[in-house]
Amino acid sequence: MKNKKSDKNSIIALIIILLFLVLSLLSFVILNHDDTNARYRDRFIKFDEGWTLVTNKGETEPVLPVRVTTAYKESVSLKTTLPSTIPEDTALATRNFHQILEAKIDGEVIFAYPNSGWNRLGNIISDEWLLIDILPEYAGKELEISFYNSSVFLFSAFIGDFYYGDANSVVQHIRSITSLGFGMGINMCVIGIILLIISFIYRKHTAQAQNTAMGAALLFFGMWLTNRAKMPHFSTESSAPYFISLMALLLVAPCIFTYSHHRADEHKRISLMGAQACIVADSVLLVSSIFIPYSVEILAMASYFMSCVALVWNGYLLFSGSYGTASHIHNKKEILLDKTEFYSNMLFPVATILEVLLYHNMLWTDASIFFRTGALLYTWVYMGFVLWRTFMVVQDRTLVTQRLQESQLELMMGQIQPHFIFNTLSSIRTLVMVDPPVAYDMIYNFSNYLRANVDNVTNLEGIPFASEVSHIKSYVNIENVRFGDRLNMIFDIQTDSFIVPPLSIQPLVENAIKHGIFQRPSGGTVWLRSYEDEKYNIVEVEDTGMGFSQEDASRIFAIHMNNDDTPGMTSNKVMLAAMEDVMKHTSLLDKDGNPIVLTKPTVKVNLSGNGSEEHKSTGLLNIFLRLREMGHAQAEIYSKEGEGTKIRVLFPKEDI
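Conventions and cut-offs
- Residues numbered from 1 in each chain as written.
- Predicted model: local features only at pLDDT ≥ 70, side-chain atom pairs only at ≥ 80, totals over all residues.
- Heavy atoms only, no water.
- Pairing = 2+ DSSP bridges.
- Helix = DSSP H or I, 4+ residues; strand = E, 2+ residues; numbered from the N terminus.
- Axes fitted to C-alpha atoms, helices over the stretch in contact; angles between N-to-C directions.
- Contact = heavy atoms within 4.5 Å.
- Polar contact = N/O pair within 3.5 Å; in protein donor to acceptor, adjacent residues only side chain to side chain.
- pLDDT = per-residue confidence, 0-100.
- Buried < 20%, exposed > 50% of the residue type's maximum accessible area, 1.4 Å probe, protein only.

Undergrad: Looking at this structure, I do not really get the sheet that holds strand E12 (residues 162–166). What am I missing?
TA: In any sheet, the strands associate via hydrogen bonds between backbone groups, in a parallel or an antiparallel arrangement. The four strands are arranged E1-E12-E6-E9 in an open sheet whose pairing can be described as antiparallel. Edge positions in the sheet fall to strand E1 (44–46) and strand E9 (128–134), since each has one partner strand and no second. Neighbour to neighbour, the strand axes of the sheet diverge by 20 degrees on average, direction disregarded. As judged from the five bridges shared by strand E6 (residues 90–96) and E12, these two strands associate in the antiparallel manner. Paired with Thr-94 across the bridge in E12 is Phe-162. Each of E1, E6, E9 and E12 is contacted by helix H3 (residues 167–201), which is oriented at about 135 degrees to E12, the strand it contacts most.

Put into structure tokens, the structure is as follows:
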């Protein structure tokens, strides 16, 4: 059957996801396993001594790395005398931090960044590991490296470490010291992609908007971290990768606010406003950075700040769900997961503050080390929770499928009741003697009615609405013979080619006839309509019956919650979600036109099918569950006591 096939595909998808995780871990280990230094330790040196720092204040002998504050278009220079002997394939490497750089030998430019081949976008200048070729003929000459401030603000020109020696050895060394950040970025990208895959696969079964938002946030942040590491051979002479990574970083905060919006039961509006405000701020910052010459470090710091605010807000919502008044609606395991996510979430802002302090005091040469670590820890915690909850979803899909089959069987058995069969057969027996043609038609309708019920017991794939209408007509024809003029059935079918769950509309018609029309001595009218708009195929069942009384409404529509400790979905929680959807679009009025206030019985819903009174009251719940789970449909109910009821069922035209 379709649902079993879907469950099998879900399990296969989970196995693929786990393999992705294993490969991600292996790549992380491999990237950090580099014996370059052991093999080439004598072929390069850390070249941080013997330099002279030249600023507008004079000359000093710096201790590298060093930070020098400069004004717009101001420059600082480092000078040194190269060794008297320079082997072939020698290079000097340094990390440039968003600065215009020139290297000169005896006043002649031998290297420039950005150069004519670098595809620069506006005023955005990337930070790169730069490799300056040192030719043998440069031996004993003066090397001058100038750093120009391209920002309209005071700029902290950071000058990092220098590495000098065999070009290949220097590159391999840079790979070894950048592999940690690169590996972290790759891991976050992989996990972000996995979350997006999970949200796509299970979007039909559970609300996945929050996983989509968090998956995007982790993917974007991972993209930025990967570019930020500047692993040799992974960066190019183009601004495109850097611009994309910068855009990704700017989108992290809106995605986190969006995650909070979809996850929180309250404060949704504030979370959405936060996402919108971040997008506006990001747009202003990004556009201005293209036309106004200022350091893109400002963009990074602004993104850090907005992400920090988003995470603090998300932490507050997690705290409210774990410790606040909202915690009583969650079971113990869900609260434990929320608490763990809260503590790991708060690593982000703490790491951000620590990172800013260290960077400001020049104790760290490359920002985001602590931020990366905090982000990675939270990423793995969050990923673990998603995998656990996804496993529970896969497991509970079996329970839901079983529940759908049980409800289908219960509906069939509820319709083929002994008294209905006996009364129908008794009517046929009488008609055989007094009106054989009518008896013939009744036998035909009765056989069609029974066949449709039996054929649809195990059908979870849906049937054309035309088949459901045919089934309804067979039932109505039988009741018309039995009750005559008391039943007036009107069909207004404008479309019937769409798919509906079997035994989903017919029970609504039967309920309208038995519990609506036949409760009136004079009978009444039932309408079955179908029509369509741009988004939905719509079915309406309306009657002029008794409507819902306070007692009936409270018994049928009140939401029962099974208070257990099972995480994820259970068949009760699926039923609860179906009823919550219905109640959002339900208008119940008493005979005076006042809204009916539903009571909430404390008894648990009995889903065992044992025929108890609690179980008998779940007939409509079963129908709504089937409409939600099999047809992805919405149900709307309008009823006024003493006047009648109308139920609208909206089947989406596009699969969701």
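Undergrad: Just to check I follow, could you spell out the side chain of Ser-77 for this structure?
TA: Checked against the element boundaries, Ser-77 lands in strand E5 (residues 75–81). For Ser-77, the side chain forms a polar contact with the side chain of Glu-144, separated by 3.3 Å. A polar contact of 3.0 Å, which involves the side chain of Ser-77, links it to the side chain of Ser-146. Once you skip the residues sitting within four places of it in the chain, Ser-77 turns out to touch Thr-52, Leu-53, Val-54, Glu-144, Ile-145 and Ser-146.

Undergrad: Help me out: how do you make sense of the confidence of the model for the protein chain in this one?
TA: Detailed conclusions should not be drawn from predicted coordinates in areas where pLDDT is low. Mean pLDDT over the protein chain works out to 75, with 70% of the residues at or above the 70 mark. Low pLDDT, under 50, characterises residues 34–38; the predicted model gives this stretch nine contacts beyond four residues in sequence or across chains. Per-residue pLDDT stays below 50 along residues 561–571; that stretch engages in 32 contacts with residues further than four places along the chain or on separate chains.

Undergrad: Would you take a moment to explain the environment of Gly-462 for this structure?
TA: Here Gly-462 lies in the loop between helix H12 (436–455) and strand E13 (463–464). The sequence separation of Gly-462 and Pro-501 amounts to 39 residues, and the corresponding C-alpha distance is 4.4 Å. The contacts of Gly-462, once residues within four sequence positions are left out, are Ile-499, Val-500, Pro-501 and Pro-502.

Undergrad: Help me understand unusual backbone geometry in this model?
TA: The step from Leu-64 to Pro-65 runs through a cis peptide bond, and the omega angle for that step is 0 degrees. Tracing the backbone shows Pro-65 in the loop between strand E3 (58–60) and strand E4 (66–70). In this structure, Pro-114 follows Tyr-113 across a cis peptide bond, with omega equal to -5 degrees. By the secondary structure assignment, Pro-114 is in the loop between strand E8 (108–113) and E9. At Asp-89, a residue that is not glycine, the phi angle is positive and equals roughly 60 degrees. Tracing the sequence through the fold places Asp-89 in the loop between E5 and E6. Accessibility expressed as a relative area gives 55% for Asp-89, which makes it exposed.

Undergrad: Help me understand the pairing of E8 in this model?
TA: On any regular strand, side chains alternate: one points to one face of the sheet, the next to the other face. Pairing analysis gives five bridges linking strand E7 (residues 100–105) to E8, with the strands arranged antiparallel. Bridge pairing in E8 places Leu-101 opposite Tyr-113. Linkage of E7 to E8, two consecutive antiparallel strands, is achieved through a turn of two residues, within which Asp-106 is found at a positive phi near 50 degrees.

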